[in-house]
Amino acid sequence: MPKLSLCMIVKNEGDCIGRCLNSVKHAVDEMIIVDTGSSDDTIDICRSAGAAVYSYEWNDDFASARNYGLERATGDWIIWLDADEEVDEADADKLREMLSGTEADLFSIQLINYYGKQADDYHVLQMAHPRMFRNRMGFRFVNPIHETLNITEVLTTPELQKRMVLAPIKVRHYGYLDEIVDAKQKGDRNLSLLFKQVSIEDKNPWLYYHIASEYYRLKQYQHSFQYVNRAIVLFLSEGMTPPSLLYKLKYSILLSLGSFHGAYPAIEKAICLYPDYVDLHFYKGLLLHFLGKTEKAIEAFDRCLELGDHQWSHLTQKGLGSFQAWYYKGLCLEQVNRQEAIHCYEQALLLHPDHQEAALALARLQTGE
């Protein structure tokens, strides 16, 4: 059996590192932990779980810290996680099975990002994320913040890129829950590092996207819109199609600002680029609903229901292809067919029994108020 190494970087993660390591320690052969200056019990927890801990002087560079860990891994394969993540209990045992005899060089996992006040399966952003790769092939981390693997440098041809496979492994990420974001002040830290990097490489569109994302989380929508547009322009100037998640962010911002006429019909161009992206169709439905174009809005929400919730090629919000689409379709139908609206709210509640808006709307229609 191929040997599997877990590689992580940590700092003051005593509240969650135990959960992360316990979720995967029985499925890996070694755990390499790079500590960048913890002052709590993080190191003790890691060592008690059987991990090897290496100290690393923090230099405002997440990629270099991760690469320091990679250099110490002896496994044939490497999986990397963050301390505020855990491998789904039902999936951890699949890790070894996947590696035996596979022709793949890189596996993406199904990353489940919780957001809001508490972790529940109805408030989730999900996407495929490259997390497990063959060691000694040249995979390294790049970018000092929001570090990524140098996939295009290693898998240089379309044929090689076919060796990147989506694994049936779910990893749950808790770091974007409101309480954790507020406690760790991630937004301020990330913006500081991102602007520092922009001063070095001001033509990198991903830096502007990540700045826009941080401003969006801080509800500073005008700043967010400025930077996401800058990112889109930079991708286009390099002759590249902007990735789909940039358009998701752009139209999320416009909806938050109430700029419906500014967003429609411009969103149709983004949908032409990514016709299978359920979130864009949902945003289109919202825009049409708010603009009073009821029939077209219903068509958009029907398209969301056709596409469904199980996309991994884009960053998607759970519910936009299911219970949220049913709910908003119901809102539209209230104006034209009361009985069908009731059916929509019932469908939303079947999929999400605690959907308060659908429950209130259904009660209102059933009582004739």
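Here's what I pulled together on the structure shown here.

Points about the packing of aromatic side chains
- Taken as a whole and assessed by the stated rule, the structure comprises 20 aromatic pairs.
- Between the aromatic rings of Tyr-327 and Tyr-328, the centroid separation amounts to 5.0 Å while the plane-to-plane angle is 75°, which identifies the pairing as edge-to-face.
- Three or more aromatic residues joined by ring pairs make a cluster, and in this case those are Phe-282, Phe-301, Tyr-327, Tyr-328 and Tyr-345.
- Cation over ring: Arg-72 sits above Tyr-54, and NZ or CZ is 5.8 Å from the ring centre.
- Here the basic side chain of Arg-72 rests over the ring of Tyr-68, its NZ or CZ set 3.6 Å away from the ring centre.

Notes on the pairing of strand E4 (residues 77–80)
- Neither face of E4 is left uncovered, since the one carrying Trp-77 and Ile-79 and the one carrying Ile-78 and Trp-80 both have all their residues buried.
- In this structure, strand E1 (residues 4–10) lies alongside E4, joined through 4 bridges in parallel fashion. Across the sheet, residue Leu-4 finds its bridge partner in E4, namely Trp-77.
- Pairing of E4 with strand E7 (residues 124–134), which is carried by 3 bridges, proceeds in the antiparallel orientation. Bridge pairing links Ile-78 to Phe-133 in E7.

Let's talk about the packing of helix H14 (residues 278–290) against helix H16 (residues 323–333)
- For the pair H14 and H16, the least separation of the axes is 11 Å and the interaxial angle reads 20°. Regarding the angle of H14 to H16, the classification is roughly parallel. Of the two possible hands of crossing, H14 and H16 adopt the one that is left-handed. Along its contact with H14, which presents Phe-282, Leu-286 and His-289, the element H16 presents Gln-324, Ala-325, Tyr-328, Leu-331 and Cys-332.

Some thoughts on unusual backbone geometry
- A cis amide bond links Tyr-264 to the next residue, Pro-265, at an omega of 15°.
- One can find Pro-265 in the loop between helix H12 (260–263) and helix H13 (267–273).
- For Asp-60, which is not glycine, the phi torsion reads 60° and is therefore positive.
- With respect to the secondary-structure elements, Asp-60 resides in the loop between strand E3 (52–55) and helix H3 (62–70).
- With a relative accessible area of 31%, Asp-60 lands in the partly exposed category.
- Look at His-146: it is not a glycine, yet its phi comes out positive at around 50°.
- For His-146, the position within the fold is in the loop between strand E8 (141–142) and strand E9 (148–149).

A few points about the pairing of E1
- Most of E1 sits out of view: 7 of its 7 residues are buried.
- The two faces of E1 match: Leu-4, Leu-6, Met-8 and Val-10 on one face and Ser-5, Cys-7 and Ile-9 on the other face are all buried.
- After leaving E1, the chain enters helix H1 (residues 17–24) and then returns to the sheet as strand E2 (residues 30–35), a path that is right-handed.

Quick notes on helix H18 (residues 356–367)
- Its 12 residues place the ends of H18 16 Å apart at the C-alpha level, agreeing with the 16 Å of an ideal helix rising 1.5 Å per residue.
- Listing the buried residues of H18 in full gives Ala-358, Ala-361, Leu-362 and Leu-365. Taken around the axis of H18, the buried residues stretch over an arc of 100°, which confines them to a single face. Facing away from the buried side of H18, by more than 90 degrees, are the exposed residues Gln-356, Leu-360 and Thr-367.
- Each element contacted by the buried residues of H18 is listed here: H16 and helix H17 (338–351).
- Immediately beyond the C-terminal end of H18, within one or two residues, lies Gly-368, with a positive phi of roughly 75°.

Concerning the packing of H14 against helix H15 (residues 294–307)
- Put simply, H14 and H15 touch, their axes get as near as 8 Å, and they point 160° apart. Considered as vectors, H14 and H15 are oriented roughly antiparallel to each other. Considering only the axes of H14 and H15, their crossing is left-handed. Each of Val-278, His-281, Phe-282, Lys-284, Gly-285, Leu-286, Leu-288 and His-289 in H14 lies in contact with H15, whose residues at this interface are Lys-296, Ala-297, Ala-300, Phe-301, Arg-303, Cys-304 and Leu-307.
- Across the contact of H14 with H15, the residue classes break down as 9 nonpolar, 3 polar and 3 charged.

Notes on the pattern of salt bridges
- A complete count under the given rule lists 19 salt bridges for this structure.
- Ionic pairing is found between Arg-172 and Asp-88, a salt bridge with its closest N-O pair at 2.7 Å. With Arg-172 in strand E10 (residues 164–173) and Asp-88 in the loop between strand E5 (85–87) and helix H4 (94–99), the pair connects residues that are 84 residues apart, well separated along the chain.
- With a shortest N-O distance of 3.1 Å, Arg-303 and Glu-306 are connected by a salt bridge. Of this pair, Arg-303 and Glu-306 are both found in helix H15, 3 residues apart, which corresponds to roughly one turn of the helix.
- The exposure class assigned to Arg-303 is partly exposed, which follows from its relative accessible area of 31%.
- Owing to a relative accessible area of 59%, Glu-306 belongs among the exposed residues under this scheme.
- Within this structure, Arg-66, Asp-82 and Glu-147 form a network of salt bridges that share partners.

Here is what the cut-offs are and how they apply
- Going along each chain's sequence as written, the residues are numbered from 1 onward.
- Residues qualify for local features only when their pLDDT is at least 70, as the model is predicted, and side-chain atom pairs are given and counted only at 80 or more; totals for whole chains, interfaces and linings, by contrast, use all residues.
- Water and hydrogen atoms were dropped before computing side-chain values, which therefore reflect all heavy atoms in the structure.
- When two rings of Phe, Tyr or Trp (its six-membered ring) have centres within 6.5 Å they constitute a pair, described as stacked for plane angles under 30 degrees, edge-to-face for angles over 60, and tilted for the intermediate range.
- Think of it as a cone above the ring: NZ of Lys or CZ of Arg counts as a charge over the ring if it is within 6 Å of the ring centre and within 35 degrees of the ring normal.
- Whether a residue is buried, partly exposed or exposed follows from its accessible area with a 1.4 Å probe, protein chains only, as a fraction of its type maximum: under 20%, in between, or over 50%, in that order.
- Going along the chain from the N terminus, every DSSP run of H or I of four or more residues is numbered as a helix, and every run of E of two or more is numbered as a strand.
- When DSSP finds two or more bridges between two strands, those strands count as paired.
- Each axis is a line fitted through C-alpha atoms, taken for helices only over the stretch in contact, and angles between the N-to-C directions span 0 to 180 degrees.
- When an angle is under 35 degrees it counts as roughly parallel; over 145 it counts as roughly antiparallel; between 65 and 115 it counts as roughly perpendicular; any other value is oblique.
- In this scheme, a crossing is called left-handed if the near helix is turned counterclockwise away from the far one by less than a right angle; it is called right-handed if the turn is clockwise.
- Throughout, a residue-residue contact means that at least one pair of heavy atoms, one from each residue, lies within 4.5 Å.
- By convention a crossover is right-handed if, when the strands point away from the viewer, the path from the first strand over the helix to the second runs clockwise.
- Helix span is expected to be 1.5 Å times the residue number reduced by one.
- Read the arc as the range of directions from the helix axis to the C-beta atoms.
- Note that Gly is not counted as nonpolar here; it falls among the polar residues with everything else outside the nonpolar set of Ala, Val, Leu, Ile, Met, Phe, Trp, Tyr, Cys and Pro and the charged set of Asp, Glu, Lys and Arg.
- In the sections that follow, a salt bridge refers to a side-chain nitrogen of Lys or Arg positioned within 4 Å of a carboxyl oxygen of Asp or Glu.

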